[in-house]
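Descriptive analysis of the structure
Now for the letters of each chain:
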Amino acid sequence: MSPLPAFLTLRNGELHFEGVPLSRLAHEHGTPLFVYSKAAMLEALAAYQRGLSGRKHLICYAMKANSSLAILQTLVREGCGLDIVSGGELERALAAGVDPAKVIFSGVGKTRAEMRRALEVGIGCFNVESIAELDVLDEVARGMGLRAPVSLRVNPNVDAKTHPYISTGLKGNKFGIAHESAVATYRHAASCAGLRVVGIDCHIGSQITQVEPYLDAMDRVLDLVEAVEAAGVHIGHIDFGGGLGIDYSGDVPPAADALWAQLLAKLDARGFGDRAIYIEPGRSLVGNAGVCLTEVLYLKPGEQKNFLIVDAAMNDLPRPAMYQAYHRIEPVKPRDGEASIMWDVVGPVCESGDWLGHERSLAVQPGDLLAVLSAGAYCMSMASNYNTRGRAAEVLVDGDRATVIRHRETAADQLRLETLLS
Ligand code: LLP
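Here's what I pulled together on the structure shown here. None of these values were measured; they are calculated from a predicted model.

**Considerations on the packing of aromatic side chains**
- What the rule picks out here adds up to three aromatic pairs.
- Ring centres of Phe105 and Phe126 lie 6.0 Å apart, and the angle between their planes is 25 degrees; on these two criteria the pair is classed as stacked. Separated by 21 residues along the polypeptide, Phe105 in strand β7 (residues 103-105) and Phe126 in strand β8 (residues 125-128) bring together distant segments of the chain.
- Residue classification places Phe105 among the buried positions, given a relative accessible area of 0%.
- In this structure Phe126 comes out as buried when scored by relative accessible area, which is 0%.
- Note that Lys110 overlies the ring of Phe105, its terminal NZ or CZ placed 5.6 Å from the centroid.

Here you go:
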């Protein structure tokens, strides 16, 4: 059995996050319940900070991974900027107190309204993904008498060796500007009165657990920096996109500081050590800093399969249904000495795709609590109201203290925006 994520420990027969027993939180706040460890987030961030110390750099947390305000605040207070992908994320970022100059705006489909708002508050950089978007941004900025800071997201055509849905840097993906047209597009951007070129950007995918795709992407991006600068356009910062993968089930991604040692050596060897380095890690900062607590409702043994029906579902934890993703599931209070049997752990939603784990060996009874691990990233932020299920509550643990950072959504909350016909 691989070790538990940092700050999650089995003590006095039950799981704790930092100093707080998880069963206490479930009893106080109900289930499903997301619980996060502040120390785990800060430890993950520290690996990036160590790796980049002494360099001009900006770590922009990709808030799509988990955009709850207190999570943003925790990282912003440590100096992080934020990578946003929508007007909604911009408002969350501002509410969390980020310095707008540390906000970068990614995504293939920014609207004029989103561009206007981002220009109005003075964000640091637009990561532009197409010529059409560049032209619209130029027009919007000129209309406001401003110059929009831009970086072009280039598509390095590198295989990130991850799930096809979360691989973004190949020619067949909708993202980025093709490597071949990057120089011409930079020339065009530099000639637009409403734009100011500040950097270059790439992103090859998510849940990357190998070093090579990063090194390949860096080579391809630096080739472009050389070509773009030879064409007379200066590149101030180089943004290497998202962060590392995490350990879901024995995955062994490199440590962030070790990876950066290799990347920086390459950067220096190629003569670009003076550039500001931007990165946009999401999953690796929060993924293993969160668990989702769920209660066992019913045991439903069957001829072909045994189903363990829990109160969390695909609307709370969409990753298994969407990507066949594996999340470890652990009893909060293990029943030592009782026989385990094989279960499919499923939720109450009316879909056969509503499963959290297949073939898990567990000794459980109705009323027991389970912890779904590695649930800090792309779980709550992807949660939905399918089946009119209210979204879960969230708690942040810091040492022995636990703070509710989001209340459980009620049916009334869900009905609030709707109207009956007269
Ligand atoms: N920057 C950009 C432009 C991105 O598109 C992403 C993630 C990131 C940064 C952050 O990547 P990370 O450090 O988290 O790997 N919902 C999927 C993951 C989608 C990732 C999309 N882009 C999942 O649950 O696995």
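Continuing now.
**Focus: the pairing of strand β11 (residues 195-201)**
- For β11, a buried count of six out of seven residues is recorded, marking the element as mostly surrounded by other parts of the structure.
- Here β11 runs beside strand β12 (residues 237-242); their pairing, made up of three bridges, is parallel. Paired with Asp201 across the strands is Asp239, a residue of β12.

**With respect to the packing of helix α8 (residues 212-230) against helix α9 (residues 256-269)**
- In the contact formed by α8 and α9, the axes pass within 10 Å of each other and the chain directions differ by 25 degrees. Relative to α9, α8 is oriented roughly parallel. Of the two possible hands of crossing, α8 and α9 adopt the one that is right-handed. Residues Tyr214, Leu215, Met218, Asp219 and Leu222 of α8 form the contact with α9, whose participating residues are Leu259, Gln262, Leu263, Lys266 and Leu267.
- The class makeup of the residues in the contact of α8 with α9 is seven nonpolar, one polar and two charged.

**A closer look at the nonpolar core**
- Tyr61, Phe126 and Ile238 are the most contacted members of the largest nonpolar core, which has 102 residues in total.
- Examining the composition of this core, we find that nine residues originate from one element, α8, more than from any other.
- Mapping this core onto the domain boundaries places at least three of its residues in each of domain 1 (8-37 + 287-415) and domain 2 (106-281).
- The contacts of Tyr61, once residues within four sequence positions are left out, are Asn66, Ile71, Leu72, Leu75, Gly81, Leu82, Asp83, Pro281, Gly282, Leu285 and Val286.

Quick notes on the rules
Residues numbered from 1 in each chain as written. Predicted model: local features only at pLDDT ≥ 70, side-chain atom pairs only at ≥ 80, totals over all residues. Heavy atoms only, no water. Phe/Tyr/Trp six-rings, centres within 6.5 Å; stacked < 30°, edge-to-face > 60°. Helix = DSSP H or I, 4+ residues; strand = E, 2+ residues; numbered from the N terminus. Buried < 20%, exposed > 50% of the residue type's maximum accessible area, 1.4 Å probe, protein only. Lys NZ or Arg CZ within 6 Å of the ring centre and 35° of its normal. Pairing = 2+ DSSP bridges. Axes fitted to C-alpha atoms, helices over the stretch in contact; angles between N-to-C directions. Parallel < 35°, antiparallel > 145°, perpendicular 65-115°, else oblique. Left-handed = near helix turned anticlockwise from the far one by under 90°. Contact = heavy atoms within 4.5 Å. Nonpolar A, V, L, I, M, F, W, Y, C, P; charged D, E, K, R; others polar. Core = buried A, V, L, I, M, F, W, Y, C linked by side-chain atoms within 4.5 Å. Domains from an automatic or database assignment.

Such coordinate-based values are descriptive only and should not be taken to indicate function.
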